[in-house]
Structures are given as structure tokens and as C-alpha cells.
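Observations on chain architecture
One-letter residues, chain by chain:
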Amino acid sequence: MNRIPSVSLRGGADADAAAASAPPPDPAALARWARAFCVIRFDLERGQLVEACYPPDALAAAGGGLDRLVAFSSFPDSMSHHLPRHRSSVHDSLFSFRVPDPSSPRRAFLYGFVFNRQRQDERLPRGGEQKSVVILSHAPYSSLFRLLLQILGPLCFDVGPSALAMVASHVAAWPAPAPGRPMELPIGSAALRVHLPPAADDPGPPPALLPANPSVPYGLFHDADLFAAFRGLLLHLWTLWELMVVGEPVLVVAPSPAQCSEAVAGLVSLVAPLLYSVDYRPYFTIHDPDFARLNALAEGEVFPPMVLGVTNLFFLKSLKSIPNVVAVGSPNPNSTRVLPVGGQLPGNGTNGTPGKLKLDKLAINKFSPTSLLNSIKLRREGPLSLMTEHKEALWSTYAPTTKPDTSVLNRLIDAGVSPRIEESMSVVNNEILRRHFLELTTNFLAPFGPYLRTTTPSEGSSPFVDPPLLPPFHADEFVNGLAARGPGKFLSKRMRSNWLDLYRRFLEGPNFMPWFRQRRAAAEQEQQRLWRQARINVDIEKLMSKMSELERIDSFNAVEQYLLREMENSGRGNADSVAACQKLKEDLQAAFSVLPKDMQQLLLSNPKRAVLLQGVQEKAPGANGIVTQTSL
């Protein structure tokens, strides 16, 4: 955002009149970006209520109790008891949730982005009130909607629900989303500058190619603050990366919706550019329709692959069969502490200036009598220890293969005590972490590259043939070949001797096949594009001058087939196909002109082919039997 946007209305009747006089936004244009804009109030007698919604029927029309689900997902489980105990205080927070879309015939999801305001005032009933402003969308554009909420949220509290329609009119005026590309979207007197994540069916960069710019999003939630979310668990990031790669179920427990939704988003972003196909819920509540199914799992039944972010400690008992639990965040939402917590200031430079994080203080497995006892106690009590005291920890039955990269941790910067310095250093640390895990994932996927490699016609060969098929993939052959070759230099330094087990788990997990099919389809499409471009660029006369008579006849038939295919595409309004048709018509005429006269007569006996060859100019024999065009 280049500056604070000016989007303002006076409250009361003036605001309502201004909103009423404005033309209503185009519903189809608005739907490209958002399903609904809502204000939801927590009523002391009736619970969560949708106070206002734009478009007015957006939630009710969806059916399936979407209005109730969105309302319950838009509030913390209870008024935070960590707020300052002043006579009157206001606490704002941003978080997100993901819920099934009841209006979709297939398993689709909606993303909710929430601006929640909790106001404590002992003069109010029960000492406070809560209200949330929600943007509901089919698109996981967190970087965009978080910025938009910072405008819409306070605006709704200043001028009332009329702000929903006003901001919706700005959104409806935006161009269509351009996934994977930067956009500048006007809002009021300024613009939101965002780089949208790639589309769900965008395969991203080839697995053997490391992106040059880590700030470009190669997956969802690229804006998630990895360093802040997992600051107390940095050594566990590599285990968490593995859990996400193989699609293990994970329960993320945090004191607040903001902390748990940020952590879940960070986990999903950790495996980019791998397509993450496991169901994930940044903020999961007992009101979610899937809770009853999960709560009914019998003892010993395998927990389905899901990543659930929760704040309600009831889930520790109701979902006790989940094998991986990670507790993140600080009970104090304004805490900026880093490990260790022995009363020492976070900054280890002079006067609170930034310094390097010390690995010996991060190393939770460093031996000492105290750390050993704490580790034994933590393991013995398990996740239920969070019922009495929140602590940042990971409980898992998973045996990791990947080792923490100390060279990466040594580059992280301790942010010091200044909030301004903390924010800037967090950006630096996130770039370091994101770059490393992008490189780690890319190298992990690199062995699949040969099965996704495209080809182009060799020099001097005809592009008027079907391109070769991509190599067939067989899991057993892949694993055997990988065992013989080894993991490669990058992975061999960072993985233990059982590294092949990680590939086996990946192949059997829920992420591999959707990713591989998507990459395979993209590779086949790219190969078709390359061969099509080769046909457009080929010098047909030079090519056919080296052919026998039989090869020329085959080439004529092949050019005709590709021309008919392009004509079908051009009939759908494809401008690129129109130019290709013109080139292929010229190639067809050139191929026809070098055929024997009797073959030409035979070919012209087909009326449809004769139409294609209409306007063939008279030819004169040229060198090497190739004809040249002359004017009629």
C-alpha cells in the first residue's frame, strides 16, 4: 500500500444517504473477488448475530447454515482475559478461517478474513462487547484482504454498516484477479499493491528450477509471518516441513485466533511450490460441520489428514487421536519475547540493538539436568499439559528425516527491544527462512524432473508429427533409481540415512498424486505449445526439399490435420489461432504444390479439402523440384 487510503464517510444519516445514492456494484464483478462483506455482533442474549451483510442475501442464499457458521467462526472462543485491565480498553485483531462452501456441489471452501474488535468497559453489561467485520471469499488472497480489512474494519466502526456497500463498490470496480502476478488495486484515494498467489491449477516453477526471487509467491499465504509464528520452535521447523510434505494430521494450539491462523498459514506456505492438497482450517471451532465427524472417530481409528488451528483446549481431549500437536504463540498477544525466557533482554547486541540469535539458547535438546527433566516432564504429560499452562512445544510420534540447518539459524537476527526494529528484522528473518524452505522443497522435488521434462523437435526434423509421450512413472522404479543415484548434494547434507523413507511416505501420502498429475498435465500442455510454435516457425519449403515423395504426402496430410485443429480453435475466438491458421494454410498450399499432378487431382476430389486449397496460386517449378509462387 503506497499510502493510507482515504475512504471516509460521515456517520449517521449522511453516510446512509451517500451509500444509497451510489450506484450498486455489479454483482458479477464483485463475485470475482468476494462473496460477502459482513458485520457480526456478539449479542449477550442471542449469541453471534449477522448485523449487516453486503450483498444482503449473500449468506442466506448459500444455505447450509453458512450464516451461522461464519458468525461462529468470526469470534474468539471467549473474551480474551489477557487484555489490559483498564477501565476502558480496545483490542483489535486480524485472523482468518476456512469453511466448507455449502453452495458448492463439490468439496469447495470459503475463506473468511476477520477484523475483530473487543472493547472492555466495566460500565457495559458483562464488562465488554465484541464485534467483527468479515470478508468472505472463494480466493485465499490473504495479503490483499488483510490490507483491505485494515481499511474496512475501522471504517465500519466509524460510519456503520453503510461502509460495506461503499467498499464493495470499489472492489467491484477492480479488474479481474490475475493470479501469480502483481496488481495495483485502487481503493479510495490510494491503491493496494499486492502480488496474488498462483492459481490452484498453476504448477509453479519446474521442480528442478529454484526461483530467483523468494519474495514472489510460489504458493499460498506467502505473507505469513513464519518467524513470529514459530519463534519458540525454530528447531522444529524441519520436522513440521516433513509433516506437511507427507500430509500428516496436525493440531495447532494457540492462545488466540490470530496466532493459530497465522501458524496454520505459515505451515501451508512452508512447502511451496508443492501443491498442498490436505484439508486445513486456520481457525477451527466446535461449530464447524466437520467437528461431529472428527469427534466420533473410534479409538484406534486413523485420524484423517488435516491441519486444524484451535484455541479451545477442549479439542485436546475430543481429538486426542491426532498424532501431531504443536503449541505456538504467547498467552500475551502483545508479547515480543524470544527464547530463552530467563529474564534476559531479547537483544544480544548493545543497548537492545539487533544481534544474531544464539543457537545454544535455541537448542532445546542441549543436555543439562534441568532441560532433561523438563523434556521428560513435557513428554510424559503430553499435550494435555497445555490445560494448566500454555507452552510452545511439539508432540509427535513422527520420526523426522531432515536435520535442522544450523547455517540458516545462524543467519537469523534477534530483533532487539524496539518494535520498529522488530518489524524490520522479522521481514529479514522471514526472507531467510522462506528462501531456505523454498530451496529445500525444490531440491526434494527435483528427482521427479525427468518425468516432467518437455521436448522440442530436433533440428531438421518435421514438427508435423505428434510429440513423444512423457516418460511413464512407476513408483517402485522411481524409488529404486533414486536409491541407486542418491539424494543429491543439497539433501545429503541435510537428511539422515533414512532419507529414502521420506520419499516413500510422500509417494503414499495425499499430496503426491494431485501435485504430480497437475505437473504432468502442465508439462504435456507446455510440450504441445512448444511443438505448435515449432510448426508456426518452420520453413516448410526447406523442410520438404529434403523429403521423398511419400514423406511429402504424409506431411501434407499432417499439415491438413493441424490446420483443421487450429481452425476449430479460431472459431472459438482465439486470436492466436487465427494467425496460426493463416500460416498453416500457406504451408498446406506449399505442400500441395510439390505433390505429383495425379495426387493433386485425387486430393482435390474431396470438396472440404478443395475449399481449404482455394486460392492456390499458379506455381512454377523451382530448384530441386520446389515450386515458387508467381502472381496470377
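Summary of the structure given here. (Residues numbered from 1 in each chain as written. Predicted model: local features only at pLDDT ≥ 70, side-chain atom pairs only at ≥ 80, totals over all residues. Heavy atoms only, no water.)

1. Things to note about the nonpolar core
This is how the line gets drawn: To define a nonpolar core, start from buried Ala, Val, Leu, Ile, Met, Phe, Trp, Tyr and Cys residues and group those joined through side-chain atoms within 4.5 Å. Accessibility here uses a 1.4 Å probe with only protein chains present; expressed as a share of the type maximum, an area under 20% marks a residue as buried, one over 50% as exposed, and anything in between as partly exposed. Strands are runs of DSSP state E lasting at least 2 residues, helices are runs of H or I lasting at least 4, and numbering of each runs from the N terminus. A contact between two residues is defined here by any heavy atoms of the two lying within 4.5 Å.
Counting residues in each nonpolar core, the largest one holds 128 residues, and the members touching the most others are F37, L148 and W241. Here this core takes ten residues from helix α5 (residues 142–159), the largest share from any one element. Excluding its chain neighbours within four sequence positions, the residues that come into contact with W241 are L270, V271, T402, F437, L440, T441, F444, M495 and L502. If you look at the next biggest cluster of nonpolar residues, it comprises 24 residues, including I540, M544, L584 and M599.

2. Focus on the sheet that holds strand β11 (residues 324–327)
For the record, the criterion: Strands were regarded as paired on the criterion that DSSP finds at least two bridges between them. With axes taken as lines fitted to C-alpha atoms, and helix axes fitted only over the stretch in contact, angles between N-to-C directions fall between 0 and 180 degrees.
Strand order across the open sheet formed by five strands is β9-β10-β8-β11-β13, with mixed pairing between neighbours. The open sheet terminates on both sides in strands that have one partner only, identified here as β9 (279–281) and β13 (393–396). Direction aside, the axes of adjacent strands within the sheet are offset by 10° on average. Examined bridge by bridge, β9 and strand β10 (residues 306–310) share three bridges and lie parallel to one another. Bridge pairing in β10 places Y280 opposite V307. Strand contacts of helix α9 (residues 257–269): β8 (250–253), β9 and β10, with the helix running at about 155° to β10, the strand carrying the most contacts.

3. A closer look at the side chain of T285
Mapped onto the fold, T285 is located in the loop between β9 and α10 (291–295). Among residues more than four places away in sequence, those in contact with T285 are F72, F291 and F315.

4. A short note on the environment of A591
Tracing the chain through its elements places A591 in helix α22 (residues 575–593). Considering only alpha carbons, one finds A591 and I540, 51 residues apart in sequence, at a separation of 7.5 Å. Beyond its immediate chain neighbours, meaning those up to four positions away, A591 contacts M544 and F556.

5. Regarding the environment of S132
Relative to the helices and strands, S132 resides in strand β5 (residues 128–137). Sequence-wise, S132 and I40 are 92 residues apart; in three dimensions their C-alpha atoms are separated by 5.1 Å. Non-local contacts of S132, meaning those with residues more than four positions away in its chain, are made with C38, V39, I40, S74, F75, V114, F115 and N116.

6. Re the environment of A475
Relative to the helices and strands, A475 is located in helix α16 (residues 475–485). Here A475 falls in the partly exposed class, since its relative accessible area comes to 34%. C-alpha separation for the pair A475 and L507, spaced 32 residues apart in sequence, amounts to 7.3 Å.

7. Overview of the packing of helix α8 (residues 237–246) against helix α18 (residues 499–508)
Where we set the bar: Each angle is binned into one of four classes, with values under 35 degrees roughly parallel, values over 145 roughly antiparallel, values of 65 to 115 roughly perpendicular, and all other values oblique. Basically, the charged four are Asp, Glu, Lys and Arg, the nonpolar ten are Ala, Val, Leu, Ile, Met, Phe, Trp, Tyr, Cys and Pro, and anything else, Gly included, counts as polar.
The interhelical angle for the contact between α8 and α18, taken along N-to-C directions, is 40°, at an axis separation of 8 Å. Taken together, the axes of α8 and α18 lie oblique to each other. Between α8 and α18, the contacting residues are W241, E242, V245 and V246 on the first element and L502, R505 and F506 on the second. Looking at the contact of α8 with α18, its residues break down into five nonpolar, no polar and two charged.

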